[in-house]
Amino acid sequence: HYSVGLQSHLLKYVVIAVRFNNPIKTLNFVFQAERTRRNKVAKILDVVPRRGPKAFEHFYYALIVTGQGHLADLIWPERVTQTHAETASRKFVITHEQASTNQDDEDDDNLPEKFPTPDIADTTVIENLKDVQDPKLRALLTNPKEDTYQNFSKPKGRAVIINNVLFGGDKDRKGSEKDATQLQRLFEKLNYKVVTHSDLTAEKMLVTLKEESKLSDHEAYHSFVLIILSHGAKGVVYGTDWNELSLPVIIELFNGTNCPFLVNKPKLFFIQACQGENADPSSEDTKADGDFFGYLNNLELARREEQTDGSGVSVRARADILVAMATVPNYVSWHKESLGTWFIIALVYIISRFAHKYEICKLLTKVNHLVSKAETKDKCNQVARFSTSLRKDFYFFPGLHQS
């Protein structure tokens, strides 16, 4: 006595009922056993009432929950009044939940007035990192889009931290352990395989990163992260022996030519190091200069058609790279020994709060904003910056991964 139209609709929603109730989980096998659509529906309608006293009721409520109240009316007309009441109630709850969520999202975007503070640098910020909730973002797991990088492997990639602390006497980078610990917790929470190296000379850094770039593990992963915590000068970071390692050399180790396992995959570099000795970029011209910062500006070329630069390296090979710096050229970066460096505190805080809904460039814009709020006792500020040749939107996708 069920119409063909009703049977067609029931077939679409029976899977939902299966998910809602274990007693009718064997309905999955119905799809395999019956050949025609009509036979499958007939079998479902025959099997459900015989799966226990609550099975049909669960199926009925599954239709209501999924907004198919008109189908619920047809299969159980005696409950029409109740169905309409429950459907209306559900719509009311959903509407208010959506309004509340939208309001929460608006409030959630507000950044703290003061920075840095102990509560911002606390580990609870990381513990409260949310999984992706937006249905459009969640759908990318099974229905990828051309304008968004996939980042769903498990682990999502390797996150390598180089933490240079011991430079001798008052040059030791006290408090850097706090940065390294927070970063490790954050990227583990984001489902990266975190590898930490401590107190490396410039030569050892180069050898370590060359070995990293050759690892075949990268082939199975969707992204790569490198974080360097050290002293530095314009365009370079220092090993613990005070020898320089060029930042372009580091980044080029992971380009498409030197690291084929990461071709077309996003590669993120976060550099916490001074880039000079000037104290306050807010009062002077801070435009980029020097080889490295010209290199950063030229990353944009990688978005164009393939060509070669003066070094003979394909510009396209430099695509899919993002470099975020604690400070602009010629200037120092600041830290608070008990909390860590301003840039890393802001980076951990912003990713922890917003990675569930924003792509990397929006996250780093918020990092720049938060860092700019900080001020030393002498009224000095700091300006963070980032450059990118990413060709798509990059999300950390917390909580989403391929099985």
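Everything below is about the structure shown above.
Calculation criteria
Residues numbered from 1 in each chain as written. Predicted model: local features only at pLDDT ≥ 70, side-chain atom pairs only at ≥ 80, totals over all residues. Heavy atoms only, no water. Helix = DSSP H or I, 4+ residues; strand = E, 2+ residues; numbered from the N terminus. Buried < 20%, exposed > 50% of the residue type's maximum accessible area, 1.4 Å probe, protein only. Areas by Shrake-Rupley, 256 points an atom, 1.4 Å probe, with all protein chains shown as cover. Pairing = 2+ DSSP bridges. Axes fitted to C-alpha atoms, helices over the stretch in contact; angles between N-to-C directions. Contact = heavy atoms within 4.5 Å. Phe/Tyr/Trp six-rings, centres within 6.5 Å; stacked < 30°, edge-to-face > 60°. Lys NZ or Arg CZ within 6 Å of the ring centre and 35° of its normal. Parallel < 35°, antiparallel > 145°, perpendicular 65-115°, else oblique. Left-handed = near helix turned anticlockwise from the far one by under 90°. Nonpolar A, V, L, I, M, F, W, Y, C, P; charged D, E, K, R; others polar. Expected span 1.5 Å × (residues − 1). Polar contact = N/O pair within 3.5 Å; in protein donor to acceptor, adjacent residues only side chain to side chain. Core = buried A, V, L, I, M, F, W, Y, C linked by side-chain atoms within 4.5 Å.

Engineer: Hey, could you run me through the overall build of the protein in this one?
Structural biologist: If you tally the helices and strands in the protein, you get 14 helices and 11 strands. When the 403 residues of the protein are sorted by exposure, 49% land in the buried category. Total accessible area on the protein stands at roughly 19900 Å², and carbon and sulfur atoms take up 49% of it.

Engineer: Any chance you could explain the sheet that holds strand E11 (residues 385-388) here in plain terms?
Structural biologist: By way of backbone hydrogen bonds, the strands of a sheet pair with one another, either parallel or antiparallel. Pairing in this open sheet of six strands is mixed, and the strands run E2-E1-E3-E7-E8-E11 from one edge to the other. With partners counted over all chains shown, the strands left at the sheet margins are strand E2 (193-198) and E11, one partner each. Averaged over all neighbouring strand pairs, the angle between strand axes comes to 10°, with direction disregarded. Bridging between strand E7 (residues 267-272) and strand E8 (residues 321-325) involves five bridges; their strand directions are parallel. Opposite isoleucine 271, over in E8, you have methionine 325 as the bridge partner. Here helix H14 (residues 360-373) sits on the sheet and contacts E7, E8 and E11; the angle it forms with E11, its principal contact strand, is near 160°.

Engineer: Explain the packing of aromatic side chains to me, please; I cannot follow it from the model alone.
Structural biologist: Each aromatic ring pair is characterised by the separation of its centres together with the angle its planes make. Under the defined criterion, the tally for this structure stands at 13 aromatic pairs. Ring plane angle 80° and centroid distance 5.6 Å describe the contact between phenylalanine 187 and tyrosine 192, whose orientation is recorded as edge-to-face. Residue classification places phenylalanine 187 among the buried residues on the basis of a relative accessible area of 1%. Directly above the aromatic system of tyrosine 358 lies the positively charged group of lysine 362, at a separation of 4.1 Å from the ring centroid. Over the face of the ring belonging to phenylalanine 354 we find lysine 366, whose NZ or CZ atom lies 4.7 Å from the ring centre.

Engineer: What exactly am I supposed to notice about the packing of helix H13 (residues 342-354) against H14 here?
Structural biologist: Orientation of H13 relative to H14, taken along the N-to-C sense of each, is 135°, at an axis distance of 9 Å. The angle between H13 and H14 falls in the class oblique. Crossing angle aside, the handedness with which H13 passes H14 is right-handed. Side by side, H13 and H14 meet where Trp342, Phe343, Ala346, Leu347, Tyr349, Ile350, Ile351 and Phe354 of the first sit next to Leu363, Leu364, Lys366, Val367, Leu370 and Val371 of the second. The residue inventory of the contact of H13 with H14, partitioned by class, reads 13 nonpolar, no polar and one charged.

Engineer: I would appreciate a short explanation of H13 in the present structure.
Structural biologist: Because an α-helix completes one turn every 3.6 residues, residues spaced three or four positions apart along the sequence face the same direction. Over its 13 residues, H13 runs 18 Å from end to end, which matches the ideal 18 Å to within 8%, given 1.5 Å per residue. Among the 13 residues that make up H13, 13 are buried, leaving the element largely enclosed by the rest of the structure.

Engineer: It is not clear to me how the side chain of threonine 117 should be interpreted in this structure. Could you clarify?
Structural biologist: Examined against the element boundaries, threonine 117 turns out to sit in the loop between helix H6 (80-108) and helix H7 (124-127). Judged by relative accessible area, threonine 117 falls into the buried class, the value being 18%. Among the polar contacts made by the side chain of threonine 117, one reaches the side chain of aspartate 119 at a distance of 2.4 Å.

Engineer: Would you mind showing me how to read the environment of alanine 273 here?
Structural biologist: Here alanine 273 is to be found in the loop between E7 and helix H12 (290-298). Separated by 58 residues in the primary sequence, alanine 273 and tyrosine 331 have C-alpha atoms spaced 9.7 Å apart. Excluding residues that lie within four positions of it along the chain, alanine 273 makes contacts with Ser230, His231, Gly232, Val237, Ala326, Thr327 and Ser333.

Engineer: It is not clear to me how the nonpolar core should be interpreted in this structure. Could you clarify?
Structural biologist: Within the largest apolar cluster, 50 residues are counted, with the highest numbers of intra-cluster contacts made by Leu183, Phe187, Phe270, Leu363 and Phe396. Contributing elements (two or more residues each) for this core: H7, strand E1 (157-163), helix H9 (176-189), strand E3 (223-229), E7, E8, H13 and H14. Among the elements that line this core, the one with the most residues is H13, at 11 residues. If we skip the residues at most four places from it in the chain, leucine 183 touches Ile161, Ile227, Leu229, Ile344, Leu347 and Val348. One finds Met205, Ile250, Ala273 and Met325 within the second-largest nonpolar core, a separate group that totals 23 residues.

Engineer: How should I be thinking about the sheet that holds strand E4 (residues 232-233) in this particular structure?
Structural biologist: Reading across from one edge, E4-E5-E6 is the order of the three strands in this open sheet, with antiparallel pairing throughout. On the outer flanks of this sheet lie E4 and strand E6 (244-246), each paired with one strand and no other. Docked against the sheet, helix H10 (residues 202-213) engages strand E5 (236-238) and E6, running at close to 35° with respect to E6.

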